Amino acid sequence: MNIRTRFAPSPTGYLHLGNIWVAFLNWLWTRQHKGKIVLRIEDIDETRCHKNYISFIKNDLEWLGIDWDEEPGTCYFYGEPLQSKRIPIYEEIKQRWQHSGEIYPCFCSRTRLHQISSAPHKGETITYYDGHCRYLSQEEQKALTKKPSWRLKVENTSIEFNDLFHHLQSKNLEREKDDFAIFRADGAVAYQLATATDDGAMKITHVFRGSDLLPSTFYQIYILKKLNYTVPVYGHLPLLVDKDGIRLSKRQKGLTIQELKQNHISPEQIIGQLLYWAGAISHLEPISAQKACNEISFNECKNLNHMTISI
Ligand SMILES: [Zn+2]
């Protein structure tokens, strides 16, 4: 099996420790399994993404000793790993599903969607729908002026996957309630469609990412199966959270790689810290990424079956 993984940041800011945690563990696992790494830049949200950050992302990864095999700027066998260049692929899927009646325009306002969604768990990104626009007639659709989002007509089905760190995960997707958006009202492709399509098209075999994305996985598997792609193996890594249980985000000062560099923290100190959080080493010590790859087995990371790790 040709192992292929991806690290897929959005260029919305500088990389921070939470990003590097995922990037490093993905790199460590992939290199120890002789696989290839795709650096995929997810820049579809035009309002939040800036091209300038792409070079910072690459520089920070290089500085830490994390390398990759495919990157934006080159068209590889499976295409270029830059989502803004892949929009025709997502549009083609949308047109195909429009034609076959597998998606429908949803004209609901944000307020309405908010009212009908069952209170999602804290931090959960999935909200539920009631199927309202699934049954609009063409006349009714024509009478509406709001720009619609596009929802997939989900059929009742059970989705299961064996997470590398969290064992068997399963969820029943329900008609109407789980009809999720594949294109947003502003015309941008929705995260679930872009990510699932790219993982499938780029023959990604293993997906490592934060446990906050575990609920999204059921929807992405639904899309992958619909597009006849092989479903990757998923490993959802614990989220790094601060003492108050708040996850590290780009908004938190002091934890970007840029800031750590300025504070004279070395790459070896950062890698050592990541391995310590992962439970691979019992005492904090600086170590280079390459040395860690040669000497510490990924299997030594004993803490990865948690959903969060307090740092
Ligand atoms: Zn609607």
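Residues numbered from 1 in each chain as written. Predicted model: local features only at pLDDT ≥ 70, side-chain atom pairs only at ≥ 80, totals over all residues. Heavy atoms only, no water.

Asker: Would you explain the packing of helix 1 (residues 17-32) against helix 9 (residues 267-278) in this entry?
Answerer: Two numbers describe a pair of packed helices, the interaxial angle and the distance between the axes. Relative orientation of the contacting elements helix 1 and helix 9 amounts to 80°, with a least axis distance of 10 Å. Considering their axes alone, helix 1 and helix 9 lie roughly perpendicular with respect to each other. Of helix 9, the residues touching helix 1 (which contributes Leu17, Ile20, Trp21, Phe24, Leu25 and Leu28) are Ile270, Ile271, Leu274, Leu275, Trp277 and Ala278. Of the residues belonging to the contact of helix 1 with helix 9, the class tally is 12 nonpolar, no polar and no charged. (Axes fitted to C-alpha atoms, helices over the stretch in contact; angles between N-to-C directions. Helix = DSSP H or I, 4+ residues; strand = E, 2+ residues; numbered from the N terminus. Parallel < 35°, antiparallel > 145°, perpendicular 65-115°, else oblique. Contact = heavy atoms within 4.5 Å. Nonpolar A, V, L, I, M, F, W, Y, C, P; charged D, E, K, R; others polar.)

Asker: Sorry if this is basic, but what is going on with the coordination of the zinc ion here?
Answerer: Tetrahedral metal sites with four donors have an ideal angle of 109.5 degrees; octahedral sites with six donors have ideal angles of 90 or 180 degrees. Of the protein atoms, only Cys106 (SG), Cys108 (SG), Tyr129 (OH) and Cys133 (SG) coordinate the zinc ion, at distances of 1.9 to 2.3 Å. Around the zinc ion, the 4 donor atoms are arranged such that angles at the metal cover 101 to 124°; this shape is classified as tetrahedral. Written as a sequence motif, the donor arrangement for the zinc ion is C-x1-C-x20-Y-x3-C. Taken together, the positions of cysteine 106 in strand 3 (residues 103-106) and tyrosine 129 in the loop between helix 4 (110-116) and helix 5 (138-143) put the pair 23 residues apart, joining distant regions of the chain. (Donors = N, O, S within 2.8 Å, 3.2 Å for Na, K, Ca; no water. Tetrahedral: all angles 85-135°; square planar, octahedral: opposite > 155°, others 65-115°.)

Asker: Where do I start with unusual backbone geometry in this structure?
Answerer: For residues that are not glycine, phi is negative in most cases, and the peptide bond is trans in most cases. Notably, glutamate 176 is not glycine yet its phi reads approximately 70°, a positive angle. Backbone geometry places lysine 203, a non-glycine residue, at a positive phi of 55°. By the element assignment, lysine 203 lies in the loop between helix 6 (191-201) and strand 8 (206-210).

Asker: Help me understand the pattern of salt bridges, please; the structure alone is not making it clear to me.
Answerer: In a structure, side chains of opposite charge can pair up when their charged atoms sit close to one another. Taken as a whole, this structure holds 22 salt bridges when the rule is applied. In this structure, lysine 58 engages glutamate 71 in a salt bridge whose closest nitrogen and oxygen atoms are separated by 3.4 Å. Of this pair, lysine 58 sits in helix 2 (residues 52-64) while glutamate 71 is found in the loop between helix 2 and helix 3 (87-99), placing the two residues 13 residues apart along the sequence. Classification of glutamate 71 by relative accessible area gives partly exposed; the value is 22%. Between lysine 177 and glutamate 174 there is a salt bridge, and its shortest N-O distance comes to 3.6 Å. Residue lysine 177 is classed as partly exposed on the basis of its relative accessible area, which comes to 32%. Through salt bridges with shared partners, a single ionic network connects Arg6, Arg40, Glu42, Arg86, Asp198 and Asp199. (Salt bridge = Lys/Arg side-chain N within 4 Å of Asp/Glu carboxyl O. Buried < 20%, exposed > 50% of the residue type's maximum accessible area, 1.4 Å probe, protein only.)

Asker: What's the story with the side chain of arginine 40 in this structure? I'm lost.
Answerer: With respect to the secondary-structure elements, arginine 40 resides in the loop between strand 2 (36-39) and helix 2. Engagement of the side chain of arginine 40 in a polar contact is seen with the side chain of glutamate 42, the distance being 2.9 Å. (Polar contact = N/O pair within 3.5 Å; in protein donor to acceptor, adjacent residues only side chain to side chain.)

Asker: Would you explain the packing of aromatic side chains in this entry?
Answerer: Two numbers describe a pair of aromatic rings. These are the distance of the centres and the angle of the planes. Counted by the stated rule, this structure contains 11 aromatic pairs. Judged by centre distance (5.0 Å) and plane angle (75°), the rings of phenylalanine 77 and tyrosine 78 are edge-to-face. Taking the relative accessible area as the measure of exposure, phenylalanine 77 reaches 76% and is therefore exposed. Arranged with centres 6.2 Å apart and planes meeting at 45°, the rings of phenylalanine 165 and phenylalanine 208 form a pair that is tilted. With a gap of 43 residues between them, phenylalanine 165 in the loop between strand 5 (157-163) and strand 6 (167-173) and phenylalanine 208 in strand 8 connect regions that are remote in the sequence. By the burial criterion, phenylalanine 165 is buried, and phenylalanine 208 matches it. Members of the aromatic cluster, connected to one another through ring pairs, are Trp29, Phe165, Phe208 and Phe298. Cation over ring: lysine 177 sits above tyrosine 128, and NZ or CZ is 4.3 Å from the ring centre. In this arrangement the basic side chain of lysine 226 is found over the ring face of tryptophan 97, its NZ or CZ atom lying 5.2 Å from the centre. (Phe/Tyr/Trp six-rings, centres within 6.5 Å; stacked < 30°, edge-to-face > 60°. Lys NZ or Arg CZ within 6 Å of the ring centre and 35° of its normal.)

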